[in-house]
Amino acid sequence: MDHQHGPWSVDGNRGLHLQLLKICIFGLFWIRGVTWNFPNLGLLKLNTNGSFTSPTVKAGVYKRVVKRRQRIVEKSKKLAFVAGACPTVGVGGHFSGGGYGMMSRKFGTSADIIIDVKLIDANGRIQDRESMGEDLFWAIRGGGGTSFGLIFSWKVKLLDIIEKVTIFNVTRTLEQNATQLVYKWQHIVDKVDDNLLLRLFLKSSESPIRRGQRTIYAFFTTMFVGGVDELLHEMQDSFSELGLVKEDCIEMSWIESILFFAGFPRGTSLDVLLHWNNSATNQEYYFKGKSDYVQHPISINGLEGIWKLFNQVGENSAELQFSPYGGKLSDISEYETPFPHRAGNIFMIHYAVFWGGGGGGGMKNSQSNIAWIRKLYGYMARYVLKSPRGAYFNYRDLDLGVNNKGNTSYEQARIWGVKYFKNNFE
Ligand SMILES: Cc1cc2nc3c(=O)[nH]c(=O)nc-3n(C[C@H](O)[C@H](O)[C@H](O)COP(=O)(O)OP(=O)(O)OC[C@H]3O[C@@H](n4cnc5c(N)ncnc54)[C@H](O)[C@@H]3O)c2cc1C
């Protein structure tokens, strides 16, 4: 069985160096030219001596990373780390707020694999784990970095994985029994083998068979840390209704799977990870997201209510992302880090609505799109975790509340604090 590597003091060749090069600015509420599912690996350098240098945002950093690309590819075939997938996501906010990725059922969150940091505190002092103490080190692994200092360097455990992972992306529409499949998915997705992460994306678009009418598309987007035969066996046991066949599956290295989830055609050079630049997608988009946690499967009626609401927003302009929990995520205590969403959750929902910004349309269209997502969130209240309702800190939702310009009381902050952090907010 594979296992997590200990600190680099155990094996000095397995340090990981992450440089915080932000390729574009991402606000809490809007994004510019985002391509979903693109990893941030262009900013990653495997370090042979375990040392860290200061991350910077100056242009030269990008050049230096590019030069090291051969070493990244050579050294990371069997070594990996957990993180989400998006080109615009920076390490600083992502790691300090949790960090969910395609291997989270096997290894937990990004915050769970942090073993040291370098942080500049409010007095300008540079602190590491030892000098800052365990309380502060606990807080920045899921509590968000901002309140505690500027983290300019992270040291994470590299995870030993087998050379091949298997991926598939199978789509089913309502005409292909999507409602029943999503219903069944909820009953197995947190219980399957920890190596298997069956993520589900839902969208509404034109039906391929009923012209002029819309349908729901369910994309079962999956990664299995293992070979295709083992995956087929697991799927046959737990989710045969999906009808997965060998031809749907592709074996590849972990680093290649990063390209797959970014939507690149097979055979694309890994160099694209180093050369990606946000100007390739320079259209302006606006986006509003919200989140929830689900502990009991949503009924068929409940799902059908979601499909109806999808018909009240523009085609292809909204997406629900259902991200499975269970596995390692459930094994870790909710007090281990500030990220509290552990045992008991079947999956997390990310609700998102997008609209274009061209010709001043951004502000014009925001009202109706935001109203739509709030309506959906209201509808979902009966199906999701309550008292308190849960939310993922990395999917900041300003609707839950924001600090005052001056002082914010604990009582006021508690309203959103317990949603993000549960009892860790006390
Ligand atoms: C398109 C898209 C896809 C995403 N996919 C995923 C996903 O798959 N899984 C997932 O878990 N999350 C995902 N996220 C959410 C993502 O984890 C958060 O948006 C995260 O906050 C991004 O970090 P950032 O540094 O880019 O953000 P920023 O907006 O720059 O920062 C977020 C917060 O962190 C603070 N911060 C940033 N850097 C530092 C630092 N160095 N030291 C201290 N504080 C710092 C900032 O002050 C701010 O409060 C996605 C977001 C987007 C837009």
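These figures come from a predicted structure and were not determined experimentally. (Residues numbered from 1 in each chain as written. Predicted model: local features only at pLDDT ≥ 70, side-chain atom pairs only at ≥ 80, totals over all residues.)

Asker: So what exactly am I meant to see when it comes to the overall build of the protein chain here?
Answerer: Tallying secondary structure elements over the protein chain gives 14 helices and 15 strands in all. Looking at the protein chain residue by residue over its 426 residues, the buried ones come to 40%. By sequence separation, contacts in the protein chain at least 24 residues apart represent 79% of the contacts at least 6 residues apart. (Helix = DSSP H or I, 4+ residues; strand = E, 2+ residues; numbered from the N terminus. Buried ≥ 20, exposed ≤ 12 C-beta atoms within 10 Å, placed from the backbone. Contact = placed C-beta atoms within 7 Å.)

Asker: Looking at this structure, I do not really get the sheet that holds strand 5 (residues 114-120). What am I missing?
Answerer: Remark on secondary structure: sheet strands pair via backbone hydrogen bonds, oriented parallel or antiparallel. The antiparallel open sheet is built from 3 strands, whose spatial order is 6-5-7. Because the sheet does not close on itself, it has two edges, and the strands there are strand 6 (126-127) and strand 7 (150-156). Pairing between strand 5 and strand 7: 6 bridges, direction antiparallel. Residue pairing across strands places Lys118 opposite Ser153, the latter belonging to strand 7. (Pairing = 2+ DSSP bridges.)

Asker: Would you mind showing me how to read unusual backbone geometry here?
Answerer: Residues Ser387 and Pro388 are joined by a peptide bond in cis, for which omega reads -5°. Along the chain, Pro388 falls in the loop between helix 13 (361-380) and helix 14 (410-421). The backbone of Asn316 shows a phi angle near 60°, a positive value even though the residue is not glycine. Summarising the element assignment, Asn316 is placed in the loop between helix 11 (300-310) and strand 14 (318-324).

Asker: Looking at this structure, I do not really get the packing of helix 7 (residues 178-188) against helix 11. What am I missing?
Answerer: To describe two helices that pack against each other, one gives the angle between their axes and the distance between the axes. Helix 11 packs onto helix 7 with a crossing angle of 125° between their chain directions and a minimal axis gap of 10 Å. The angle between helix 7 and helix 11 places the two elements in the oblique class. Taken as a pair, helix 7 and helix 11 cross one another with a handedness that is right-handed. Residues Thr179, Val182 and Tyr183 of helix 7 form the contact with helix 11, whose own contacting residues are Ile300, Leu303 and Glu304. Residue composition of the contact of helix 7 with helix 11, by class: 4 nonpolar, 1 polar and 1 charged. (Axes fitted to C-alpha atoms, helices over the stretch in contact; angles between N-to-C directions. Parallel < 35°, antiparallel > 145°, perpendicular 65-115°, else oblique. Left-handed = near helix turned anticlockwise from the far one by under 90°. Nonpolar A, V, L, I, M, F, W, Y, C, P; charged D, E, K, R; others polar.)

Asker: Would you explain helix 9 (residues 254-261) in this entry?
Answerer: Structurally, the α-helix is built with 3.6 residues per turn, so residues lying three or four positions apart point the same way. The element helix 9 is extensively covered by neighbouring structure, given that 7 of its 8 residues are classed as buried. Along helix 9, the residues that are buried comprise Trp254, Glu256, Ser257, Ile258, Leu259, Phe260 and Phe261. Positive backbone phi, at 90°, marks Gly263, one or two positions downstream of helix 9.

Asker: Honestly, the nonpolar core in this entry has me stumped. Any pointers?
Answerer: Buried together is how nonpolar side chains tend to be arranged in soluble globular proteins. Of all hydrophobic cores here, the largest spans 88 residues; its most connected members are Phe81, Leu200, Ala218 and Phe347. The dominant element in this core, judged by the number of residues it contributes, is strand 15 (residues 347-356), at 7 residues. Among the domains, domain 1 (12-160) and domain 2 (165-383) are the pair contributing at least three residues each to this core. Leaving out residues up to four positions away in the same chain, Leu200 has contacts with Val182, Trp185, Ala218, Phe219, Phe220 and Phe322. (Core = buried A, V, L, I, M, F, W, Y, C linked by C-beta atoms within 7 Å. Domains from an automatic or database assignment.)

Asker: It is not clear to me how the pairing of strand 15 should be interpreted in this structure. Could you clarify?
Answerer: Looking along a regular strand, one sees side chains alternate from face to face of the sheet. Counting buried residues along strand 15, 7 of its 10 residues qualify, which places the element largely inside the surrounding structure. As paired strands, strand 13 (residues 284-294) and strand 15 are joined by 10 bridges and run antiparallel to one another. Directly across from Ser291, in strand 15, lies its bridge partner His350. In terms of strand pairing, strand 14 meets strand 15 through 7 bridges, oriented antiparallel.

Asker: What exactly am I supposed to notice about helix 8 (residues 228-239) here?
Answerer: Buried within helix 8 we find Leu231, Met235 and Phe239. On an axial view of helix 8, the arc spanned by its buried residues comes to 35°, and they lie on one face. Across helix 8 from its buried face, at more than 90 degrees, point the exposed residues Asp229, Gln236 and Asp237. Buried residues along helix 8 sit against strand 9 (165-173), helix 7 and strand 11 (214-224). (Arc of directions from axis to C-beta.)

Asker: Would you mind showing me how to read the environment of Trp372 here?
Answerer: Take Trp372: it is sitting in helix 13. For Trp372, a count of 20 C-beta atoms within 10 Å gives the class buried. Placed 62 residues apart in sequence, Trp372 and Phe310 show a C-alpha to C-alpha distance of 9.2 Å.

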